[in-house]
Structure formats: C-alpha cells, structure tokens
Amino acid sequence: MPKRIDILGKRYGHLSVLELTEKVKGVRARQWVVACDACDGRAQFTGATLRAGMVTSCGCRPRLNLRGFNLVKRMKASEQRLCKSLPNSLAANPETRFFLEPSGKVVRRDAAEAAITAGELVSCGDGLFAETAQTWTAAP
Ligand SMILES: [Zn+2]
C-alpha cells in the first residue's frame, strides 16, 4: 500500500484542500474535499488528479490545467499579452513558439494551448502580426 501524500491545505488553482473523505467500501481511492473560490462550491477529487494539475476548479470554470491557470493568472497580474509566432522556415528554430509581451518570456506550449482552449484568453485580432503571429489577452 503506497503511503498517502498529504496535500491538506494546499491550493490548486481555485481549489483549496479541506479534508480527506472517509474510506468508502468498494471505492479504491479516498478523495480530498476541496473548496472552490470561483463559486464557493465544494467538490471531491483524488490526490493524484489534484497533484497532476488536471483540475483547477470544481467544474464551474472551463477545464484548464494548472500550468494554463498559472499562465492566465500571470497575464492578468502583469497585464501582458500572449503571442504566438508561427513557424518561420528562415529562422534558426522554425517552431511555433508562445511568449509574453512585453517581457518576452517564453511560455510552455501546453500551458498556452490549454488556456486558449479553455476560453480564458481573448484573441486580440489586431492584425499587428497578421501573417506571422497571433496575440491574446486574459479574459476579464
Ligand atoms: Zn467552482
């Protein structure tokens, strides 16, 4: 039997871990009760699900992984935009890249794509980099 990892009191996005549920006969994994600060609701998840960053709300917010959540949070706090530069065969590193403007900090692709897919970012559509890039701001 693997030792349980204690995550009591930890935060995962909107979720704060409150307590461990009682063992239920026939159910393998005990779950953690979490409070969601986005809606004041409660939910239960396994520790593995929480620690993997797979959920950041009770289900009231668009599904977003923890990296995506942290990206959106950082963008709101620093009022930065997310930019995507499309592959450029002339560049030394011809890959799609995401980065923040104006800091220029590179963003992990999985975080950027998760935030966009969840609808947490709004496309600027300003045509500034029409052919080569797209930009997004954090939705209010
Ligand atoms: Zn919620």
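Quick caveat: nothing in here was measured; it's all calculated off a predicted structure. (Residues numbered from 1 in each chain as written. Predicted model: local features only at pLDDT ≥ 70, side-chain atom pairs only at ≥ 80, totals over all residues.)

**With respect to the overall build of the protein chain**
Worth spelling out the cut-off: Note on conventions: DSSP H or I runs of at least 4 residues are helices, E runs of at least 2 residues are strands, and numbering of each starts at the N terminus. Exposure classification rests on a simple neighbour count of other C-beta atoms within 10 Å of a residue's own: a residue reaching 20 or more is buried, one at 12 or fewer is exposed, and one in between is partly exposed. C-beta atoms are placed from the backbone.
Each helix and strand counted, the protein chain has three helices and nine strands in total. Starting at the N terminus and walking to the C terminus, you meet the elements of the protein chain as β-β-β-β-α-α-β-β-β-α-β-β. Here the protein chain, with 140 residues, has 24% of them falling under the buried criterion.

**Brief notes about the sheet that holds strand E2 (residues 15-20)**
Selection criterion: For two strands to count as paired, DSSP must find a minimum of two bridges between them.
Reading across from one edge, E1-E2-E3-E4 is the order of the four strands in this open sheet, with antiparallel pairing throughout. At either margin of the open sheet sits one strand with a lone partner, and together these are strand E1 (11-12) and strand E4 (42-45). Bridging between strand E3 (residues 32-36) and E4 involves four bridges; their strand directions are antiparallel. Pairing of Ala-35 across the sheet is with Arg-42, part of E4.

**Re helix H2 (residues 66-78)**
One turn of an α-helix holds 3.6 residues; hence residues three or four places apart share an orientation. Our working rule: To estimate how far a helix should reach, multiply one less than its number of residues by 1.5 Å. Directions pointing from the helix axis toward each C-beta atom define the arc.
Given a rise of 1.5 Å per residue, 13 residues ought to cover 18 Å, and the 18 Å separating the end C-alpha atoms of H2 matches this to within 8%. Burial in H2 covers these residues: Gly-68, Phe-69, Leu-71, Val-72 and Met-75. The buried residues of H2 occupy an angular sector of 160° when the element is viewed end-on, so they sit on one face. Exposed residues on H2 whose side chains face more than 90 degrees from its buried face are Ala-77 and Ser-78. Just downstream of H2 lies Glu-79, where phi reads positive at about 50°.

**Section: helix H3 (residues 109-117)**
Buried within H3 we find Ala-111, Ala-112, Ala-114, Ala-115 and Ile-116. Backbone geometry just downstream of H3 places Gly-119 in the positive-phi region, at approximately 80°.

**Re the nonpolar core**
Stated precisely, the cut-off is as follows: By convention in this section, buried Ala, Val, Leu, Ile, Met, Phe, Trp, Tyr and Cys residues joined through C-beta atoms within 7 Å make up a nonpolar core. Think of it this way: build a C-beta for each residue from its backbone, and any pair within 7 Å is a contact.
The biggest cluster of nonpolar side chains holds 17 residues, and the ones touching the most others in it are Leu-71, Val-72, Leu-82, Ala-112, Ala-115 and Leu-121. Listed by contribution, the elements that provide at least two residues to this core are H2, strand E5 (81-85), H3 and strand E9 (133-138). Examining the composition of this core, we find that five residues originate from one element, H3, more than from any other. When residues no more than four places from it in sequence are discounted, the contact partners of Ala-112 are Leu-71, Leu-82, Phe-98 and Val-107. Formed by nine residues, the second largest nonpolar core is a distinct cluster that contains Leu-15, Trp-32, Phe-45 and Val-55.

**What about the pairing of E2?**
In this structure, E1 lies alongside E2, joined through two bridges in antiparallel fashion. Each bridged residue has a counterpart across the sheet, and for Arg-11 the counterpart in E2 is Ser-16. Between the antiparallel neighbours E1 and E2 lie two residues, among them Gly-13 with a positive phi of about 65°.

**A closer look at the environment of Ile-116**
In this structure, Ile-116 sits in helix H3. Of the residues examined, Ile-116 has 20 C-beta atoms within 10 Å and is grouped as buried. Along the chain, Ile-116 and Trp-136 lie 20 residues apart, while their C-alpha atoms are 8.4 Å from each other. In this structure Ile-116 touches Leu-121 and Trp-136, once residues within four positions along its chain are discounted.

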